Amino acid sequence: MVVLDFPYSMFAAPLLAFFLSFFSILWLIKRKADWVLDQPNARSLHTVPVPRIGGVCLLSAAMTAWLCFAAILPSAVLLGVALLMAISLIDDIRHAPVWCRLLVHVIAAAWFAIALLWGAYDGLTVLCVIIATIWMSNLYNFMDGSDGLAGGMAMIGFGCYGLIAYLAGDHNFAMINFSIAAAAMAFLLHNFHPARVFMGDAGSVPLGFLAAVFGLLGWLNQLWTIWVPLLIFSPFITDATVTLARRLLQGKKIWQAHREHYYQRLVQSGFGHRNTALAAYALMLIAGGCAIWINQQDMVVQQWGMLMWGGAYFAAMMIADRSLKPFSDQG
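Enquirer: Even after reading the chapter, I still don't get the overall build of the protein chain, so can you show me in this structure?
Expert: A tally of helices and strands in the protein chain yields 12 helices and two strands. When the helices and strands of the protein chain are listed from N to C terminus, the series reads α-β-β-α-α-α-α-α-α-α-α-α-α-α. The proportion of buried residues among the 331 residues of the protein chain is 52%. A separation threshold of at least 6 residues defines the contact pool for the protein chain, and within that pool the share at least 24 residues apart is 76%. Accessible area of the protein chain: about 15100 Å², with a carbon and sulfur share of 69%.

Enquirer: Help me understand unusual backbone geometry in this model?
Expert: Glycine aside, residues mostly have negative phi, and peptide bonds are mostly found in the trans state. The linkage connecting H193 with the following residue, P194, adopts the cis geometry, with an omega of -5 degrees. One non-glycine residue with positive phi stands out, namely H95, at about 65 degrees. Its location among the elements puts H95 in the loop between α3 (75-94) and α4 (98-117). Classification of H95 by relative accessible area gives exposed; the value is 62%. Positive phi is not limited to glycine here, since Q222 has a value of about 60 degrees. Along the chain, Q222 turns up in the loop between α8 (201-220) and α9 (227-232). Note on Q222: relative accessible area 72%, which makes it exposed.

Enquirer: It is not clear to me how the packing of helix α6 (residues 149-167) against α8 should be interpreted in this structure. Could you clarify?
Expert: Any two packed helices are characterised by how steeply their axes cross, that is the angle between the axes, and by the distance between the axes. Running from amino to carboxyl end, α6 crosses α8 at an angle of 20 degrees, the nearest separation of the two axes being 11 Å. Here α8 runs roughly parallel to α6, going by the angle between their axes. The handedness of the crossing between α6 and α8 comes out as left-handed. Contacts from A154, F158 and Y161 in α6 reach L207, L210, A211, F214 and G215 in α8. Of the residues assigned to the contact of α6 with α8, the class counts are seven nonpolar, one polar and no charged.

Enquirer: Would you mind going over the nonpolar core with me for this structure?
Expert: Grouped together as the largest cluster of nonpolar side chains are 96 residues, with contacts concentrated most on F158, L207, L210, F214, F233 and F236. Among the elements that take part in this core, α8 stands out by supplying 11 residues, more than any other. Excluding its chain neighbours within four sequence positions, the residues that come into contact with F236 are L139, Y140, M143, L149, A150, M153 and M284.

Enquirer: Is there a simple way to think about the pattern of salt bridges in this case?
Expert: On inspection of all chains with the given rule, the structure shows three salt bridges. Notably, a salt bridge pairs R101 with D91, separated by 3.5 Å at the nearest N-O pair. Residue R101 is located in helix α4, and its partner D91 is located in helix α3; the two are separated by 10 residues in the primary sequence. For R265, the salt bridge identified is with D321, shortest N-O distance 3.3 Å. Placement of the pair is R265 in helix α11 (residues 262-294) and D321 in helix α12 (residues 299-323), with a sequence separation of 56 residues. On the basis of relative accessibility, which here comes to 2%, the residue R265 falls in the buried class. Taking relative accessible area as the criterion, D321 reaches 33% and is therefore assigned partly exposed. If you follow the salt bridges from partner to partner, you end up with R246, R265 and D321 in one network.

Enquirer: Got a minute to help me understand the environment of G200 in this structure?
Expert: Tracing the backbone shows G200 in the loop between α7 (171-191) and α8. Classification of G200 by relative accessible area gives buried; the value is 10%. Along the chain, G200 and D144 lie 56 residues apart, while their C-alpha atoms are 7.9 Å from each other.

Enquirer: It is not clear to me how the environment of Y166 should be interpreted in this structure. Could you clarify?
Expert: Tracing the backbone shows Y166 in helix α6. Separated by 57 residues in the primary sequence, Y166 and L223 have C-alpha atoms spaced 9.5 Å apart.

Enquirer: Teacher, can you tell me more about α6 here?
Expert: Count 3.6 residues to each turn of an α-helix, and residues three or four apart come out pointing the same way. Across its 19 residues, α6 extends 27 Å between first and last C-alpha, which sits within 8% of the 27 Å expected from 1.5 Å per residue. Among the 19 residues of α6, 15 are classified as buried, and the element is accordingly described as predominantly covered.

Enquirer: What's the story with the side chain of S204 in this structure? I'm lost.
Expert: Looking at the secondary structure, you find S204 in helix α8. With residues up to four places along the chain from it excluded, the contact list for S204 reads S137, Y140, N141, D144 and M199.

Enquirer: Before we go on, may I ask you to explain the packing of helix α2 (residues 54-68) against α8 in this structure?
Expert: Packing of α2 against α8 brings their axes to within 7 Å, and their N-to-C directions diverge by 45 degrees. Considering their axes alone, α2 and α8 lie oblique with respect to each other. Every residue of α8 that contacts α2 at G55, V56, L58, L59 and W66 is listed here: A202, G203, P206, L207, L210 and F214. Residues of the contact of α2 with α8, tallied by class, amount to nine nonpolar, two polar and no charged.

Enquirer: Where do I start with helix α1 (residues 8-31) in this structure?
Expert: Its 24 residues give α1 an end-to-end C-alpha distance of 34 Å, which sits within 8% of 34 Å, the value for a rise of 1.5 Å per residue. All of the buried residues along α1 are S9, M10, A13, P14, A17, F18, S21, I25, L26, L28 and I29. In this fold, the buried residues of α1 make contact with β2 (50-51), α2, α6 and α7.

About the criteria used
Residues numbered from 1 in each chain as written. Predicted model: local features only at pLDDT ≥ 70, side-chain atom pairs only at ≥ 80, totals over all residues. Heavy atoms only, no water. Helix = DSSP H or I, 4+ residues; strand = E, 2+ residues; numbered from the N terminus. Buried < 20%, exposed > 50% of the residue type's maximum accessible area, 1.4 Å probe, protein only. Contact = heavy atoms within 4.5 Å. Areas by Shrake-Rupley, 256 points an atom, 1.4 Å probe, with all protein chains shown as cover. Axes fitted to C-alpha atoms, helices over the stretch in contact; angles between N-to-C directions. Parallel < 35°, antiparallel > 145°, perpendicular 65-115°, else oblique. Left-handed = near helix turned anticlockwise from the far one by under 90°. Nonpolar A, V, L, I, M, F, W, Y, C, P; charged D, E, K, R; others polar. Core = buried A, V, L, I, M, F, W, Y, C linked by side-chain atoms within 4.5 Å. Salt bridge = Lys/Arg side-chain N within 4 Å of Asp/Glu carboxyl O. Expected span 1.5 Å × (residues − 1).

Below, the structure written as structure tokens:
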């Protein structure tokens with residue numbers, strides 16, 4: 001363990017996370033073991049096998065940096081990440097049953113919510129947090145289907161968390177988030193189109209969990225209002241939630257592999273992986289920048305800001321539904 005005072009840890013921890021992530025992923029790519037290769041399927045937008053557990057390297061690098069620089073986090077967060085990484089890695093390799101994965105997701109979310117909220121908040125609030133955390137864990141996984149997308153959201157989203165925490169004077173929480181952002185940046189160097197490695201469920205599910213629980217921790221510690229994490233991760237939340245709702249209304253199996261997300265349809269329309277990722281980065285940066293600004297405004301401005309963003313997303317999806325190619329479950 002290395003204990004460095006601010007500002008040294010603010011730079012040293014993310015730097016360590018970056019290099020550990022970059023070189024461990026490079027080793028994984030060169031290893032090319034059959035058991036880690038992602039074979040194309042009905043949901044895939046790639047056509048050749050690619051190593052699929054780069055997210056394990058990303059998260060391991062960030063957590064190693066936390067350990068080395070004495071980061072302070074609730075044990076329920078670390079336990080949740082460990083459980084989700086374990087079951088998701090099993091799923092990446094052996095395809096764990098849906099009920100088994102969902103059970104672990106529930107345990108991780110419930111453990112966190114009860115440990116931090118029980119007694120201070122009513123049961124309905126705790127239940128809502130559990131459901132929201134489970135949904136965020138899964139929607140992040142749903143959105144990990146195009147080169148550079150989930151890695152970019154991690155870099156920008158957790159980078160925004162870190163910046164707000166830094167501005168608020170919480171250097172420990174800033175360092176924790178910057179370490180994830182730095183590890184994600186290293187991952188992107190291998191994952192941007194054409195991707196040489198994928199994040200895999202073992203990376204995307206825990207990252208979604210961390211996006212939810214860190215958003216709640218920042219709110220509990222009064223670093224930001226509840227609207228801020230929702231806006232920062234709104235590009236993923238909106239696409240995944242609207243797509244799921246549409247499939248439910250159409251009577252489709254929501255757990256079945258598909259290519260109906262807006263980002264998938266954008267890639268299929270001819271826009272391509274690279275342009276889709278760059279457009280998503282622009283949207284993520286605008287949403288993140290707006291969230292940082294909104295956090296400094298009164299509640300009325302924040303509510304109007306969220307309404308405006310909701311209207312903008314609604315208009316964009318209406319345009320997309322008229323201009324993009326029809327949904328395709330088969331390719």
